[in-house]
Amino acid sequence: MSLFDDPFRSDRRLSAGCPCGRHASQAEHDTAAHNSTMRAEAVGVAPHAALPAREEDRYTGVVASAVMRAMFPQDAARRAFLKSVGASTALAALAQVFPLGTATELFAQGAGAIEKKSLKVGFIPITCATPIIMAHPMGFYAKHGLDVEVVKTAGWAVIRDKTLNKEYDAAHMLSPMPLAITVGAGASPLPYTAPAIENINGQAITLAMKHKDRRDPKSWKGFKFAVPFDYSMHNYLLRYYVAEHGLDPDTDIQIRAVPPPEMVANLRADNIDGFLAPDPVNQRAVYDGVGFIHLLSKELWDGHPCCAFAASKEFVTSAPNTYAALLKAIIDATAYATKAENRKEIAAAIAPANYLNQPVTVVEQVLTGTYADGLGSVRKDPDRIAFDPFPWESFGVWILTQMKRWGQIKGDVDYAGVARQVFLATDTARLMKEVGLTPPEARTKSLVVMGKTFDPQKPDEYVASFAIRRA
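Definitions and limits used
Residues numbered from 1 in each chain as written. Predicted model: local features only at pLDDT ≥ 70, side-chain atom pairs only at ≥ 80, totals over all residues. Heavy atoms only, no water. Helix = DSSP H or I, 4+ residues; strand = E, 2+ residues; numbered from the N terminus. Buried < 20%, exposed > 50% of the residue type's maximum accessible area, 1.4 Å probe, protein only. Contact = heavy atoms within 4.5 Å. Areas by Shrake-Rupley, 256 points an atom, 1.4 Å probe, with all protein chains shown as cover. Core = buried A, V, L, I, M, F, W, Y, C linked by side-chain atoms within 4.5 Å. Axes fitted to C-alpha atoms, helices over the stretch in contact; angles between N-to-C directions. Parallel < 35°, antiparallel > 145°, perpendicular 65-115°, else oblique. Left-handed = near helix turned anticlockwise from the far one by under 90°. Nonpolar A, V, L, I, M, F, W, Y, C, P; charged D, E, K, R; others polar. Pairing = 2+ DSSP bridges. Arc of directions from axis to C-beta. Polar contact = N/O pair within 3.5 Å; in protein donor to acceptor, adjacent residues only side chain to side chain.

Q: What should I look at first to understand the overall build of the protein chain in this one?
A: When helices and strands are tallied, the protein chain shows 20 helices and 16 strands. Within the protein chain, the fraction of its 471 residues that count as buried is 53%. Residue pairs at least 24 apart in sequence account for 74% of intrachain contacts in the protein chain once pairs closer than 6 positions are excluded. If you sum the accessible surface of the protein chain, you get close to 19,600 Å²; carbon and sulfur atoms cover 52% of it.

Dropping the structure here:
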């Protein structure tokens, strides 16, 4: 039985309904959804922009339904009454004896009314931000009652600062950033959260074309590499990779932070020899003929996290319903992005100048996994980038071990405690179920990076196991 059944329809039983509560049966619900989609497509609007009834209407339906049930406990009597006087007369009569408006307002306040509907969410123009970006043109924010402005931002330091200064309500961040902010790496600690992982995989090591015959990392001594930010999976994966090949990333090579939109230009100008970067940067280097893809990051760690949807703990606690709606919209978009058949549509939606500002073919090659490698071959890997919002706490623990390994954090670290505080797996699991995804039962799992198993229960032993480290 749905709380949102219309109590003023004499042809409707209050004991049956559909999941959204606005139709007499699942069949009627499906027909209405199909018709809504067809109408949206006819006027050139993405199907996802065809919205459900306004929240206020649904709350009114809940209250009215409850009152009608109380007045007419026998469904047959209610239906007979409505047939005799009509729905509008019945509603008017009910309003005379019961304060429907006040009751609806009180119910809305207790039923998850959104505290702030107009939001700003910052993003960097990379495919890692796909769910956050696509949720705007494809209507996922509006579907969940929000008016979100997604703001293209120059670099990660700017993203961090604008979010900390509350110019942005939430942001697309590198998954290590909320952990670094929370533990105070490089600044004063501030509780931060990463309740959804934006993407897994989706990065690559790209080298300048002049190095196409220098594929052995042991020969990279003296190379200059770019990564997007010091607190990034790119930095940690590049360090891990070269260290496994005997190079000390702090003395044998140079690693500098370069905003992703500037990486290809720096490669073309010979300022760097390569980068471990998010897409579509790698594919754009191939498209422009200035670089080749040495390997995909999934070849180092298949299923690794990269970017995350992030918000301050203050935002989560002060506007919990807004936070829930925003997170749900992003998880909903992520669920759509998981399906391979939707990837070309998504590429077309996020390629324009106000989003990624890339040729559609570049974005398609990344999202579909059929791509030119810059060395004359076309490769196919449908998991080149994938989307899975679940924030495994073991991801957080692994990231913290690398911060410890390279001296970004010092002293004793409460690995599990910090990961649990930042990666809000319980919230994500609940909302994943609401949009039809199945979250995992556990919150941690073992991981394998370059053939080496990581046990999240033994982080200190893991750090100590590396021959090349600062800690």
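More follows now that the structure is in view.
Q: What is the right way to read the nonpolar core from this model?
A: Nonpolar side chains in soluble globular proteins tend to be buried together. Ranked by internal contacts, the top residues of the largest apolar core, which has 119 residues, are Tyr141, Leu326 and Trp398. With 10 residues, the single largest contributor to this core is helix α14 (residues 320-337). Setting aside its immediate chain neighbours within four residues, Leu326 contacts Leu119, Val121, Tyr141, Leu146, Val148, Ala170, Phe309 and Phe315. Counting residues in each nonpolar core, the second largest holds 12 residues, with Ala208, Val281, Ala285 and Val290 among its members.

Q: Got a minute to help me understand the packing of α14 against helix α19 (residues 425-434) in this structure?
A: In a pair of packed helices, the angle between the axes and the distance between the axes together describe the arrangement. α19 packs onto α14 with a crossing angle of 60° between their chain directions and a minimal axis gap of 9 Å. As judged from the angle between their axes, α14 and α19 are oblique. Judged by the twist between their axes, the crossing of α14 over α19 is right-handed. The segment α14 lies against α19, with Tyr323, Ala324, Leu327, Lys328 and Ile331 engaging Asp427, Thr428, Leu431, Met432 and Glu434. Looking at the contact of α14 with α19 residue by residue, the classes come out as six nonpolar, one polar and three charged.

Q: I keep staring at the pairing of strand β8 (residues 254-257) and nothing clicks. Help me out?
A: The side chains of a regular strand alternate, residue by residue, between the two faces of the sheet. The pairing of strand β7 (residues 224-227) with β8 spans four bridges and is parallel. When the sheet's bridge partners are listed, Lys224 is paired in β8 with Gln254.

Q: Can you help me understand the environment of Lys404 in this one?
A: On the secondary structure map, Lys404 appears in helix α17 (residues 393-405). Using a relative accessible area of 16% as the deciding quantity, one classes Lys404 as buried. Along the chain, Lys404 and Val463 lie 59 residues apart, while their C-alpha atoms are 7.4 Å from each other.

Q: So what exactly am I meant to see when it comes to the sheet that holds β8 here?
A: Think of a sheet as strands paired side by side through backbone hydrogen bonds, with each pair either parallel or antiparallel. Taken together, five strands build an open sheet; the order of strands is β8-β7-β9-β6-β10 and the sheet is mixed. Looking along the sheet, the strands with just one partner apiece sit at the ends: β8 and β10 (291-296). Neighbouring strand axes in the sheet, compared pairwise and without regard to direction, differ in orientation by 25° on average. For strand β6 (residues 203-208) and β10, the ladder comprises five bridges, and the chain directions are antiparallel. Its bridge partner lying in β10, Thr206 is registered against Ile293. The sheet contacts of helix α10 (residues 233-244) involve β6, β7, β8, β9 (274-278) and β10, and relative to β9 the element is tilted by about 135°.

Q: Where do I start with helix α15 (residues 343-350) in this structure?
A: Owing to its 3.6 residues per turn, the α-helix aligns residues three or four sequence positions apart on the same side. Within α15 the residues assigned to the buried category are Arg343, Ile346, Ala347, Ala349 and Ile350. Summarising the axial view, the buried residues of α15 lie within an arc of 165°, below the 170-degree limit, and thus occupy one face. Where α15 is buried, its residues touch α6 (130-134), α14, α16 (360-368) and β14 (385-386).

Q: How should unusual backbone geometry be read in this particular structure?
A: Most peptide bonds adopt trans geometry, and most residues besides glycine take a negative phi value. Residue Pro280 follows Asp279 across a cis peptide bond; omega there is 10°. Its place among the elements puts Pro280 in the loop between β9 and α12 (281-287). A positive phi angle, near 70°, is found at Lys166, a position not held by glycine. With respect to the element layout, Lys166 can be found in the loop between α8 (156-164) and β3 (170-174). Although it is not a glycine, Asn201 adopts a positive phi angle of roughly 60°. For Asn201, the location among the structural elements is in strand β5 (residues 200-201).

Q: Which parts of the structure should I look at to understand the packing of α10 against α17?
A: Put simply, α10 and α17 touch, their axes get as near as 11 Å, and they point 65° apart. One finds that α10 runs roughly perpendicular with respect to α17. The interaxial crossing formed by α10 with α17 has left-handed handedness. Contacts between α10 and α17 involve Met233, Tyr236, Leu237, Tyr240 and Ala243 on the former and, on the latter, Trp398, Ile399, Gln402, Met403 and Arg405.

Q: Explain the side chain of Asp169 to me, please; I cannot follow it from the model alone.
A: With respect to the secondary-structure elements, Asp169 resides in the loop between α8 and β3. Judged by relative accessible area, Asp169 falls into the buried class, the value being 13%. Here Lys116 takes part through its side chain, which lies 2.7 Å from a polar atom of the side chain of Asp169.

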